[in-house]
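Topology and contacts: notes
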Amino acid sequence: MAEQLDDLNDDMKAAVGQETGRTTYEVTTQGARTFARAVGYTADKYYDEGVAKELGYTGLPAAPGFLGMPVFNPKGGGREETFENPFKRRLNGGTEVEPIDQVYGGDVLEAVSRITSLELAAGRLGQMLISSSETVYTRESDGVVVAKTRGTGISY
Amino acid sequence: MADQLYWDDIEEGQEFNLTEPMSSQRLVIWAAASGDFYQIHYDDDYAKNNNLPDIIVHGALKGMLVGRLVDEWKGEQGKIKNWGVSYRGMDPAREDLNVWGKVTKKYEDGGEALVDLDVGVAQPDGTQTTPGTATISLPKR
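Nothing here was measured: the structure is a model prediction, and the numbers come from that model. (Residues numbered from 1 in each chain as written. Chains lettered and ligands numbered in written order. Predicted model: local features only at pLDDT ≥ 70, side-chain atom pairs only at ≥ 80, totals over all residues.)

Quick look at helix α2 (residues 29-39) of chain A
If you check which residues of α2 of chain A are buried, you get Gly31, Ala32, Arg33, Phe35, Ala36, Ala38 and Val39 of chain A. Where α2 of chain A is buried, its residues touch β2 (69-70) of chain A together with α1 (24-34) and α3 (59-74) of chain B. (Buried ≥ 20, exposed ≤ 12 C-beta atoms within 10 Å, placed from the backbone. Helix = DSSP H or I, 4+ residues; strand = E, 2+ residues; numbered from the N terminus. Contact = placed C-beta atoms within 7 Å.)

As structure tokens, this is what we get:
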């Protein structure tokens with residue numbers, strides 16, 4: 001069990017607002033179709049670019065929430081820790097999606113994440129650190145912000 | 001394709017839903033779509049060795065099922081402003097999940113005709129595991 005904290009330490013306080021990661025996401029047409037299939041969409045526009053164009057889309061649209069996949073790095077890497085978290089067990093507390101512009105198969109997005117708040121709380125699992133974050137997804141080809149996501153992480 | 005929904009026709013309290021079977025195959029397809037290959041979602045032995053009764057549905061999949069619910073409900077001319085869910089409980093696989101929405105507020109703001117929703121995912125016995133909210137913009141007649 002992690003040591004009980006009376007308050008956020010200086011590293012934690014300094015982490016709020018800091019960038020925690022910058023990741024490239026590829027939105028492939030196959031990825032968009034697999035996402036639509038997994039979520040259960042049956043609308044042809046999510047599978048057939050010709051149908052989508054008849055509806056006014058400029059390509060194969062990604063269903064809401066699909067923002068591609070990060071480019072896999074076999075050597076690991078990824079998100080940088082901006083502070084040493086004494087709580088080692090983690091849960092995903094929730095997710096919010098704000099779609100802003102239509103995402104298409106073929107788009108490449110740059111995702112930039114920041115911690116927006118950190119809070120200590122007591123729960124049935126003991127002391128917890130609740131972390132809120134926001135990620136902004138920008139399409140590389142035109143610089144348009146296509147979506148923002150917000151997440152809550154629980155460490156205990 | 002579903003008929004277009006218009007803001008004028010919406011009433012507060014209106015409900016809609018879809019029922020989704022959560023087979024192990026479905027979770028494997030989601031793993032491929034999301035890149036979440038944590039074994040508690042597809043490996044029975046691994047799940048049981050982690051004190052789980054069965055493999056469990058990915059939280060993010062439940063969040064995206066809610067996204068699909070509101071995407072299909074709003075029609076081609078509607079727009080999702082946002083949706084979000086909290087993961088409050090685990091859902092074992094191989095059961096149907098009820099993905100639901102309920103209109104809580106209908107209003108206009110900044111020239112947009114908007115609808116607020118309560119949304120969520122429930123198990124067959126009614127247990128709510130994934131409550132959330134959404135805001136949708138709809139066309140007017």
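Looking at the packing of α2 of chain A against α1 of chain B
Put simply, α2 of chain A and α1 of chain B touch, their axes get as near as 8 Å, and they point 150 degrees apart. Accordingly, the angle class assigned to the pair α2 of chain A and α1 of chain B is roughly antiparallel. As α2 of chain A packs across α1 of chain B, the resulting crossing turns out to be left-handed. Between α2 of chain A, through Thr34, Phe35, Arg37 and Ala38 of chain A, and α1 of chain B, the contact on the second element is made entirely by Arg26, Ile29, Trp30, Ala32 and Ala33 of chain B. (Axes fitted to C-alpha atoms, helices over the stretch in contact; angles between N-to-C directions. Parallel < 35°, antiparallel > 145°, perpendicular 65-115°, else oblique. Left-handed = near helix turned anticlockwise from the far one by under 90°.)

Details of the sheet that holds strand β3 (residues 90-99) of chain A
One open sheet holds the 11 strands; their spatial order is β2(A)-β1(A)-β4(A)-β5(A)-β6(A)-β3(A)-β2(B)-β5(B)-β4(B)-β3(B)-β1(B), and the pairing between them is antiparallel. Each edge of the open sheet is held by one strand with a lone partner, namely β2 of chain A together with β1 (15-21) of chain B. The strands that α3 of chain B touches are β3 of chain A together with β1, β2 (79-86), β3 (96-109), β4 (112-122) and β5 (132-137) of chain B; relative to β2 of chain B, the one it contacts most, it runs at about 150 degrees. (Pairing = 2+ DSSP bridges.)

Structural notes on the domain arrangement of chain A
Residues and elements named next belong to chain A. Segmenting chain A into domains produces domain 1 (1-27 + 67-156) and domain 2 (29-66). Computed from C-alpha coordinates alone, the two centres of domain 1 and domain 2 are separated by 27 Å. The partner domain 2 presents 12 residues to the 11 residues of domain 1 that form the contact. (Domains from an automatic or database assignment.)

A closer look at the interface of chain A and chain B
On the side of chain B, 25 residues touch chain A, which itself brings 21 residues to the contact. Only α2 and β3 of chain A provide two or more residues apiece to the side of chain A that touches chain B. Ranked by residues supplied to the side of chain A that touches chain B, first place goes to β3 of chain A with 8 residues.

Here we look at the pairing of β3 of chain A
Remark: a regular strand shows side chains that alternate across the two faces of the sheet. Judged from the 9 bridges that link them, β3 of chain A and strand β6 (residues 145-155) of chain A form a sheet pairing that is antiparallel. Considered in β6 of chain A, the bridge of Val97 of chain A is made with Thr149 of chain A. Across 4 bridges, β3 of chain A lies against β2 of chain B in antiparallel orientation. If you follow Thr95 of chain A over to β2 of chain B, its bridge partner there is Val85 of chain B.

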